[in-house]
Amino acid sequence: MNLFTLNAPIRFLIEITTTILIITIGLTKYSLPLNILIGILLPIIFISLWGFFIAPHSPKQGPAILRIFIELIIFGTCTYLLISKESTLIGLIYLTITLVNTVMIHMGSTLSRKK
């Protein structure tokens, strides 16, 4: 087992945490109708995009550039929500963790294809 394989469970926790954070911030920090849009509709859109184009076992997994673009949108939105509605420090910690994890995930998938 290598470092990239150990990174997969961390990635799953980041995905779940991101969804919970967007739902929580959307529903509690905004008033109608934004709370419905951000707290319910946005997570549904993000989960759908993730399931169709990013999930490892997705039959329609997109090319690497599309996956990275979608990840930037999802993680960037969550970072923005954290910084603007919670705390700059928490947002930057979240951003750092997701950035390191994303780089490791993509490096691991690139290296595994070259073998």
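Reading guide: rules and limits
- Chains are numbered independently. Their residues run from 1 in the order of the written sequence.
- Per-residue local features of the predicted model are confined to residues with pLDDT of at least 70, and side-chain atom pairs are confined, for both listing and counting, to 80 or more; whole-chain, interface and lining totals are unaffected and use all residues.
- Note that the side-chain values use all heavy atoms of the structure and ignore hydrogens as well as water.
- Numbered from the N terminus, helices here are DSSP runs of H or I no shorter than four residues, and strands are runs of E no shorter than two.
- Using C-alpha atoms as the atom set, the radius of gyration is obtained and then compared with a globule rule of 2.2 Å times the number of residues to the power 0.38.
- Contacts between residues were defined by any pair of non-hydrogen atoms, one from each residue, lying within 4.5 Å.
- The protein chains shown are the only cover counted for residues, whose accessible areas, like all others here, come from Shrake-Rupley with a 1.4 Å probe.
- For this analysis, a nonpolar core means a set of buried residues of the types Ala, Val, Leu, Ile, Met, Phe, Trp, Tyr and Cys, connected via side-chain atoms within 4.5 Å.
- For the exposure calls, accessible area comes from a 1.4 Å probe over protein chains only, and a residue counts as buried if that area is under 20% of its type's maximum, exposed if over 50%, partly exposed in between.
- N or O atoms closer than or at 3.5 Å make up a polar contact, with two conditions inside protein: a donor-capable atom paired with an acceptor-capable one, and, for residues adjacent in sequence, both atoms drawn from side chains.
- When a carboxyl oxygen of Asp or Glu lies within 4 Å of a side-chain nitrogen of Lys or Arg, that pair is called a salt bridge.

1. Here's the deal with the overall build of the chain
Stage number 1. Along the backbone of the chain there are four helices and zero strands.
Stage number 2. Counting from the amino terminus, the chain carries its helices and strands in the arrangement α-α-α-α.
Stage number 3. At 15 Å, the chain has a C-alpha radius of gyration in line with the 13 Å of a compact globule built from 115 residues.
Stage number 4. Its C-alpha atoms put the chain at 50 × 30 × 20 Å along the principal axes.
Stage number 5. Relative to all contacts within the chain whose residues are 6 or more apart in sequence, the contacts with residues 24 or more apart total 57%.
Stage number 6. Summing over all exposed atoms, the chain offers an accessible surface of approximately 7,400 Å²; the carbon and sulfur share of this is 77%.

2. Structural notes on the nonpolar core
One recurring pattern in soluble globular proteins: nonpolar side chains tend to sit buried together.
Stage number 1. If you look at the biggest cluster of nonpolar residues, it comprises 15 residues, and the most contacted ones within it are Ile74, Phe75 and Leu81.
Stage number 2. Of all the secondary structure elements, the ones that give two or more residues to this core are helix H1 (3–29), helix H2 (34–54) and helix H3 (64–85).
Stage number 3. The leading source of residues in this core is H3, at six residues.
Stage number 4. Excluding residues that lie within four positions of it along the chain, Ile74 makes contacts with Thr18, Ile22, Phe46 and Trp50.

3. Quick word on the side chain of Ser58
Stage number 1. Note on placement: Ser58 falls in the loop between H2 and H3.
Stage number 2. In this structure the side chain of Ser58 is engaged in a polar contact, spanning 2.6 Å, whose partner is the backbone oxygen of Phe52.
Stage number 3. Aside from chain neighbours lying at most four places away, what touches Ser58 is Gly51, Phe52 and Phe53.

4. Looking at the pattern of salt bridges
Pairing between side chains of opposite charge can happen when the charged atoms of each approach one another.
Stage number 1. According to the stated counting rule, one finds three salt bridges in the structure shown.
Stage number 2. A salt bridge links Glu15 to Arg11, with the shortest nitrogen-to-oxygen separation between them at 3.7 Å. Of this pair, Glu15 and Arg11 are both found in helix H1, four residues apart, which corresponds to roughly one turn of the helix.
Stage number 3. You can call Arg11 buried: its relative accessible area is 6%.
Stage number 4. With a shortest N-O distance of 3.6 Å, Glu86 and Lys29 are connected by a salt bridge. A residue pair is termed long-range when its members are at least 10 positions apart, and Glu86 in the loop between H3 and helix H4 (88–114) and Lys29 in helix H1 qualify at 57 residues.
Stage number 5. Residue Glu86 is classed as partly exposed on the basis of its relative accessible area, which comes to 42%.
Stage number 6. When its relative accessible area of 38% is taken as the criterion, Lys29 is described as partly exposed.
Stage number 7. Overlapping salt bridges, with partners in common, bring together Arg11, Glu15 and Glu71 in one network.

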